[in-house]
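# Coordinates in review
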Amino acid sequence: MSGNSQMLLPKKLIIALGGNAIHPAGIKGTGKEQFDIAAEAANALLPLLRDIPQLVITHGNGPGVGKVLLRQAIASKRVAIMPLDICVANSQGGISYVIMQTMQNSLSAAGVNREVSSIICEVEVAPDDPAFSNPDKPLGYFFTESEAQDLSEEFNWNMKEDANRGWRMVVPSPRPKKILNSRVIKSMAEGGGIVITAGGGGIPVIADANGKISGVEAVIDKDLTTVLLARELDIDHLLILTSVDHVAINFGTDQEQDLKHVSLDELITYFNQGHFSAGSMGPKVEAVIQFIESGGKRAIITHHDKAYEALLGQTGTHIIR
């Protein structure tokens, strides 16, 4: 890497890695598929894994937690069903393991001696968050209306139609308040280790008046958790990696326009005009707005294969104050 390129890379960075990095649409989701796809992502991220001194990576749990729930449903006559917080922990651990191993292998193949660690992360939410009375976050597979009715009756799942594509389970998605493991995450990152954490938004927990914590049935938005973690770790550069090169307005129309460099005020205007779907780009844009408003210097949204180029300013949607 040239000296000029190194100057453009931040000293501290938090990356939100989309679920499509190891489980894109259209695959069966076998272990081999997930490792192969994660290896491609790790190789694309290698310049960042190698050259950014303090690097923290969060990730989505994509269809992972939905698969855990479906396995439980299928085996319910023989195996005890676990609550959703434990299912989130299961998917967080499994996915972070795949990412961790492929990043270790990528660094080793490049002759780079750097530790990669994974931390199972709990995230506190408010027990009275309005999301608990209005579940709206879809999980897992699509079902027909009759299948959805059967699942609702047998497992007490909340089922809703999702954009005329079928019926899906929906769960509460409360806003994150506090990262319970931020001190150890910060210590490891400052020590030079690459830290993978807060998978799937983190395990949702609540605290009582005495400080005792307990899990709750919910799934937190991964990008909002990433922003909160960045604030707690004093990281002011955010990179959200997804399946497209740029954020676009008028998406899917003949007036579609990629956004390359956009101010915070412009992005807020586009967000309020409804340009970003709640089921795809909306949460990412909301997270970026929150990040910049809370003091972040730069946020980028781009394809996970273009992370390095985006940090050098060559692609992606860049948002600055």
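Rules used in this analysis
Residues numbered from 1 in each chain as written. Predicted model: local features only at pLDDT ≥ 70, side-chain atom pairs only at ≥ 80, totals over all residues. Heavy atoms only, no water. Salt bridge = Lys/Arg side-chain N within 4 Å of Asp/Glu carboxyl O. Helix = DSSP H or I, 4+ residues; strand = E, 2+ residues; numbered from the N terminus. Buried < 20%, exposed > 50% of the residue type's maximum accessible area, 1.4 Å probe, protein only. Phe/Tyr/Trp six-rings, centres within 6.5 Å; stacked < 30°, edge-to-face > 60°. Lys NZ or Arg CZ within 6 Å of the ring centre and 35° of its normal. Lys, Arg positive; Asp, Glu negative; His and termini not counted. Polar contact = N/O pair within 3.5 Å; in protein donor to acceptor, adjacent residues only side chain to side chain. Pairing = 2+ DSSP bridges. Axes fitted to C-alpha atoms, helices over the stretch in contact; angles between N-to-C directions. Contact = heavy atoms within 4.5 Å.

Let's shift gears to the pattern of salt bridges. Counted under the stated rule, the structure contains nine salt bridges. Lysine 32 is the salt-bridge partner of aspartate 36, the closest N and O atoms lying 2.7 Å from each other. With a gap of four residues between them, aspartate 36 and lysine 32 both fall in helix α2 (residues 31-51), about one helical turn apart. On the accessibility criterion, aspartate 36 (37% relative accessible area) is partly exposed. Between aspartate 236 and lysine 297 there is a salt bridge, and its shortest N-O distance comes to 3.7 Å. Of the two residues, aspartate 236 is situated in the loop between α7 (222-233) and β12 (237-242) and lysine 297 in the loop between α9 (282-293) and β16 (298-303); the sequence distance between them amounts to 61 residues.

This part is about the packing of aromatic side chains. Aromatic ring pairs are defined here through the distance separating the ring centres and the angle between the ring planes. Here the structure, examined in full by the defined rule, presents two aromatic pairs. Where phenylalanine 35 meets tyrosine 97, the ring centres are 5.7 Å apart and the plane angle is 85°; that geometry is what we call edge-to-face. Note that phenylalanine 35 is positioned in helix α2 and tyrosine 97 in helix α4 (residues 84-109), a separation of 62 residues in sequence. For phenylalanine 35, a relative accessible area of 23% corresponds to the partly exposed category. Overall, the relative accessible area of 41% leaves tyrosine 97 in the partly exposed class. Relative to tryptophan 157, the ring of phenylalanine 155 has its centre 5.6 Å away and its plane inclined at 35°; by these criteria the two rings are tilted. Accessibility assignment for this pair places phenylalanine 155 and tryptophan 157 in one class, buried. Geometry around phenylalanine 142 places arginine 168 over its ring, the cationic atom sitting 4.7 Å from the centre.

With that out of the way, let us pick up the side chain of arginine 114. Relative to the helices and strands, arginine 114 is located in the loop between α4 and β3 (116-119). One buried charged residue, arginine 114, remains without a salt bridge, the closest side chain of opposite sign being aspartate 51 at 7.4 Å. Here the side chain of arginine 114 touches isoleucine 52 through a polar contact of 2.9 Å, landing on its backbone oxygen.

This paragraph deals with the sheet that holds strand β10 (residues 203-207). A sheet is described by the order of its strands in space; here four strands give the open sequence β8-β4-β10-β11, paired in mixed fashion. Bordering the open sheet on either side are β8 (176-179) and β11 (213-215), each of which pairs with just one other strand. Sheet twist, expressed as the average angle between the axes of neighbouring strands with direction ignored, equals 45°. Where α4 meets the sheet, its contacts fall on β10 and β11, and the angle it forms with β10 comes to roughly 140°. Helix-sheet contacts for α7 involve β4 (122-125) and β8, and the interaxial angle to β8 is about 45°.

Extensive coverage of strand β1 (residues 12-17) is indicated by the burial of five of its six residues. Bridge count between β1 and strand β2 (residues 54-59): six bridges; the pairing is parallel. Bridging across to β2, alanine 16 finds its partner in threonine 58. Relative to β12, β1 is paired through four bridges, and the arrangement is parallel. Pairing of isoleucine 14 across the sheet is with leucine 238, part of β12.

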